Amino acid sequence: MPRPFRLRRRPTPTSFLPTGAWIVVLVGVVSSAVFLSWPPTERPGREFWIFSNQRLTDYESAIADWNRDHPDARDQINITLLHLSALERRMMAAATADAPIADLVEGERDLVARVFAGPIEEVGFVDLTDRIAAENLLDQFNAPSLSPWISRGRIFGLPHDVHPCLLGYRSDIVEAAGIDVSQIETWDDFYRVLGPLIADLDGDGRPDRYLLNYWENQRDQTQALLLQAGSQFFDDAGHVTVDHALNARVLARLVTWVTGPNRFCVDAPEFTAGGDQMRLEGTVIASIMPDWLAGTWKNYIPGLAGKVKLMRLPAWEPGGRRTSVWGGTCLSITTTAPDPEKSWAFAKHLYFSPQVAEGLFRSTATISPVKAMWSRPFYHEPDPFFSGQKVGARYIREAPFVPERASSPFNTMVMDRLMVVLIDLKAHALEHQRFDPIALEPEARRLLAAAQADLEARVGRNVLYRPPPSP
Amino acid sequence: MTPRRAALIPVYVALIFFAVITLIPFIWMITSALKTPEDYFTSFFLPRGEGWGGIAWERLTADNFRRLFREFPIGRAMVNSCMLASVTSTLATFICAMGGYGLAKFSFRGRTWLTSLVLGALIIPGPLLIAPSYQLLWQLGLLNSYAGLILPAIAPAFGVFLFRQAMLNAVPPELLEAARIDGAGEFRIFFTIVIPLVRPMIGAFLLITFLGAWNNFIGPQIALQSPEAFPLSVAINNLRGLHGTEYGLIMSGTLVSIAPVMCLFLLLQRDFISGLTSGAVKG
């Protein structure tokens, strides 16, 4: 018979576990007790996911109105703010796992396009084409603003915005130098007229002021500039078409903007403290500015109030397009949601609401894609931040001219590859000390041809979404 | 002063220098949390003014902290984070310790195969599992519940393998056999003999998993549907605008969110360091 096991010394709690571990256990017990006595409230009704915290406030009253008019708990709208990457992961996870997601989702352009990477009947959003046609809504929207939400001829989202681009510039510096920006029509004019502002202010031999916030790693600005020039990355059938003389010409010119003797750009990234500091100090004179960016500057760089103005984007060629487009959001109804008719009714309630349009404009300077809204007085008020200019009216004037954009699931991949081409082209220019755009075009074309072949091979791997063979 | 002490002076000077460099971002964060949006860009640390030392002391404000607790559900998020991180790390530590002990000290059919399976699981990238995990949680009815977040995290392959290695080195089989001969049951052996022997690893792993759960950002947004259930990491991020940031508010939120973790690190640092370095020197 074995002796019963006995420890020689009575163990203390800390001989088993470190003090910190006991504290974690204690915190676990206490916080669990608090959590159990304070459970999250159940929210019956329709889930509506968004990714911009500003819209929580912008939509508040419209949702309250809807909930008041629809007292049935199943029709109440619950809005949830998610980080864009979490929203994307939930959407993609739900699409691949066939699990439920929200009833309504506000999706950003690249995210929504990724959902199109499959057979049209498998897209996780309700096809709104027939509803829009039956209710004669098509003409009510700014036509180019619909393009990012159309896949294979079918519309899968209501446009939230237009996002035309203007050029925001430091009017205090420009006007102090006696420069008249009305002389600027093209990007060449822009460099010629504003060029004298590139200056070495501290005498160290290097310029302390540049004309444009642009750098070869700025993907969104590059895309806006390419779209402005008329580039299309896909043809109507969805084939990649990046190997194009126009793209080569634009990329070659962009390289000379960021390097070489005529460099006039500087990297002052948006949404960063460092970039904001450069804008405040006047290191950069001008920035490509979609409407939402004008709102961002107003909200987050108050030090620029009264020192900036807006002008039309310089064109690539005389008589060319004086605007572009940057960003975009749509409202979609998910196919897994019950009673899509109610969700559709809510979508119209939200996006056709003048109060929501006014809230969006006042909080973020975003203009509505619903043309009937454009005559509303709030778009035509002078804005002290932009030196008294009528900001809304200026953006609205450009709205019909924003370029159309393809809604291919390969958008992101194509732009990423074009960025590689641009970086390689800059390296080539530096290596050969060649900074003439015309001289760079053959190399640009060679790099684009390689990019085209690479992209075609990668697009061809998707067995679910394959553009029809070229004729 | 002895020559030996004098020789230490440059070492201490260098250490103080690097300590100050290390602390600069932290000090910057504290001063930024106390500044108004207007002052944020005007000075690096404290706003310049007429006060003592050329600093505008009167412009320092606790408004960011006040707003944090009044306008945003930070209190609720703090409770959620404490619960999520402490329960997840406690359960994960014990379950991984048990799993590691089983693999290290028990002979059974399929042990090698099971160890290889655990090792193989280490190389599966997390994002690959998002869609199947989401579907599984949905089918098990665990979406929008903390169980859906805690259960998948309580037996990470990394932890099981870490404890297996610790048990192999730190727990002599003779000790286990002696305890068995003396009549101790397996659970008693585990809790009274094995756990104290791997105590440093317990501290280290607990801290690692606590930090992982505390900082988990995407996971809660995928598994939890209700904003009230979101932990601090998500709540702090929601303070950021889509395109702009109120830096003072973010800094105050960040300070609030790192304070508990710093306290825990101070409590566990000895175990954390000895846990990480155990076996590093061949004795």
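Quick caveat: nothing in here was measured; it's all calculated off a predicted structure.

## Focus on the interface of chain A and chain B
Thinking step 1. Between chain A and chain B, the contact holds 57 residues from the first and 60 residues from the second.
Thinking step 2. Summed over both partners, the interface of chain A with chain B comes to about 4900 Å²; 67% of that surface belongs to carbon and sulfur atoms.
Thinking step 3. For the pair chain A and chain B, the number of links is 0 salt bridges.
Thinking step 4. At the surface where chain A touches chain B, the tally comes to 5 residue pairs in polar contact (both at pLDDT 80 or more).
Thinking step 5. Taken together, the elements giving at least two residues each to the side of chain A that touches chain B come down to α1 (13-16), α2 (19-37), β2 (77-81), α5 (84-97), α12 (273-281) and α13 (291-300) of chain A.
Thinking step 6. Per-element accounting of the side of chain A that touches chain B gives the leading share, 12 residues, to α2 of chain A.

## A few points about helix α11 (residues 245-258) of chain A
Residue and element names in this part refer to chain A.
Thinking step 1. Compared with an ideal rise of 1.5 Å per residue, which puts 14 residues at 20 Å, α11 spans 21 Å between its outermost C-alpha atoms and is within 8% of the ideal.
Thinking step 2. Burial of α11 is extensive: 12 of the 14 residues sit out of reach of the surface.
Thinking step 3. Buried within α11 are the following residues: Leu-246, Asn-247, Ala-248, Val-250, Leu-251, Ala-252, Arg-253, Leu-254, Val-255, Thr-256, Trp-257 and Val-258.
Thinking step 4. As for α11, its buried residues are in contact with α9 (187-194), β8 (210-213), α10 (219-229), β9 (265-266), α17 (411-432) and α18 (437-460).
Thinking step 5. Where α11 terminates, the next one or two residues include Gly-260, which has phi positive at roughly 90 degrees.

## Notes on the sheet that holds strand β10 (residues 284-290) of chain A
Residues and elements named next belong to chain A.
Thinking step 1. If you trace the 5 strands from one edge of the open sheet to the other, you get β9-β8-β10-β7-β11, paired in mixed fashion. For this open sheet the edge positions go to β9 and β11 (308-311), each flanked by a neighbour on one side alone.
Thinking step 2. Bridge analysis of strand β7 (residues 165-170) against β11 gives 4 bridges, and the strand direction is antiparallel. For Leu-167, the partnering residue across the bridge sits in β11 and is Met-311.
Thinking step 3. Against the sheet, α9 contacts β7, β8 and β10, and its axis sits at roughly 145 degrees relative to β8.

## A closer look at the nonpolar core
Thinking step 1. Grouped together as the largest cluster of nonpolar side chains are 116 residues, with contacts concentrated most on Phe-48, Phe-190, Leu-212 and Trp-257 of chain A.
Thinking step 2. For this core, the element with the highest residue contribution is α11 of chain A, accounting for 9 residues.
Thinking step 3. In terms of nonpolar packing, the next biggest core, distinct from the first, is built from 51 residues, Ala-184, Phe-190, Phe-205 and Ile-236 of chain B among them.

## So, the pairing of β7 of chain A
Residue and element names in this part refer to chain A.
Thinking step 1. With 6 of its 6 residues buried, β7 lies for the most part within the structure.
Thinking step 2. Residues Cys-165, Leu-167 and Tyr-169 of β7 are buried on one face, and the alternating residues Leu-166, Gly-168 and Arg-170, pointing to the opposite face, are buried as well.
Thinking step 3. Note: β7 against β10, 5 bridges, orientation antiparallel. Each residue of the ladder has a partner; that of Leu-167, found in β10, is Ile-288.

## Quick notes on the packing of aromatic side chains
Residue and element names in this part refer to chain A.
Thinking step 1. Within the structure shown, the criterion is met by 29 aromatic pairs over all chains.
Thinking step 2. With 4.9 Å between their ring centres and 55 degrees between their planes, Trp-187 and Trp-257 make a pair best called tilted. One end of the pair, Trp-187, is in helix α9; the other, Trp-257, is in helix α11, and 70 residues separate them in sequence. Per residue, the accessibility class of Trp-187 equals that of Trp-257, and both read buried.

## Notes on the UniProt feature "transmembrane region" (unreviewed entry) in chain B
Thinking step 1. Under the local residue numbering, the UniProt record ascribes the feature "transmembrane region" (unreviewed entry) to residues 7-30, 77-101, 113-134, 146-163, 189-214 and 247-268 of chain B.
Thinking step 2. Annotated as 64% helix and 0% strand, the span residues 113-134 of chain B places its first and last C-alpha atoms 28 Å apart.

## Regarding the sheet that holds strand β6 (residues 158-159) of chain A
Residue and element names in this part refer to chain A.
Thinking step 1. As summarised here, the arrangement of the 5 strands in space is β2-β1-β3-β12-β6, forming an open sheet in which the pairing is mixed. Edge strands, defined here as strands with exactly one partner in the open sheet, are β2 and β6.
Thinking step 2. Bridge count between strand β1 (residues 46-50) and β2: 5 bridges; the pairing is parallel. Each residue of the ladder has a partner; that of Ile-50, found in β2, is Leu-81.
Thinking step 3. Packed onto the sheet, helix α14 (residues 340-351) meets β1, β2, β3 (104-108), β6 and β12 (329-333) and runs at close to 155 degrees relative to β12.

## Structural notes on the environment of Ser-353 of chain A
Residue and element names in this part refer to chain A.
Thinking step 1. Assignment of secondary structure puts Ser-353 in the loop between α14 and α15 (354-364).
Thinking step 2. Exposure remark for Ser-353: the relative accessible area of 8% places this residue in the buried category.
Thinking step 3. Taking the C-alpha atoms as reference points, Ser-353 and Val-370, 17 residues apart in sequence, are found 9.7 Å from one another.
Thinking step 4. If near-sequence neighbours (up to four positions away) are discounted, Ser-353 is found in contact with Lys-348 and Met-373.

## What to know about the side chain of Lys-309 of chain A
All names here are of chain A.
Thinking step 1. Position of Lys-309 among the secondary structure elements: in strand β11.
Thinking step 2. A polar side-chain atom of Lys-309 sits 2.8 Å from a polar atom in the side chain of Glu-175.
Thinking step 3. Beyond its immediate stretch of four places on either side in the chain, Lys-309 contacts Leu-167, Gly-168, Tyr-169, Ser-171, Glu-175, Phe-386, Ser-387 and Gln-389.

## Regarding unusual backbone geometry
Residues and elements named next belong to chain A.
Thinking step 1. Here Asn-136, not a glycine, exhibits a phi torsion of approximately 55 degrees, which is positive.
Thinking step 2. Topologically, Asn-136 is positioned in the loop between α7 (129-134) and β4 (150-151).
Thinking step 3. Even without being a glycine, Ala-365 presents a positive backbone phi close to 65 degrees.
Thinking step 4. Relative to the helices and strands, Ala-365 is located in the loop between α15 and α16 (391-398).

Rules used in this analysis
Residues numbered from 1 in each chain as written. Chains lettered and ligands numbered in written order. Predicted model: local features only at pLDDT ≥ 70, side-chain atom pairs only at ≥ 80, totals over all residues. Heavy atoms only, no water. Contact = heavy atoms within 4.5 Å. Buried area = accessible area lost by both parts, 1.4 Å probe. Salt bridge = Lys/Arg side-chain N within 4 Å of Asp/Glu carboxyl O. Polar contact = N/O pair within 3.5 Å; in protein donor to acceptor, adjacent residues only side chain to side chain. Helix = DSSP H or I, 4+ residues; strand = E, 2+ residues; numbered from the N terminus. Expected span 1.5 Å × (residues − 1). Buried < 20%, exposed > 50% of the residue type's maximum accessible area, 1.4 Å probe, protein only. Pairing = 2+ DSSP bridges. Axes fitted to C-alpha atoms, helices over the stretch in contact; angles between N-to-C directions. Core = buried A, V, L, I, M, F, W, Y, C linked by side-chain atoms within 4.5 Å. Phe/Tyr/Trp six-rings, centres within 6.5 Å; stacked < 30°, edge-to-face > 60°. UniProt positions renumbered as here; feature names shortened; annotations may be inferred.

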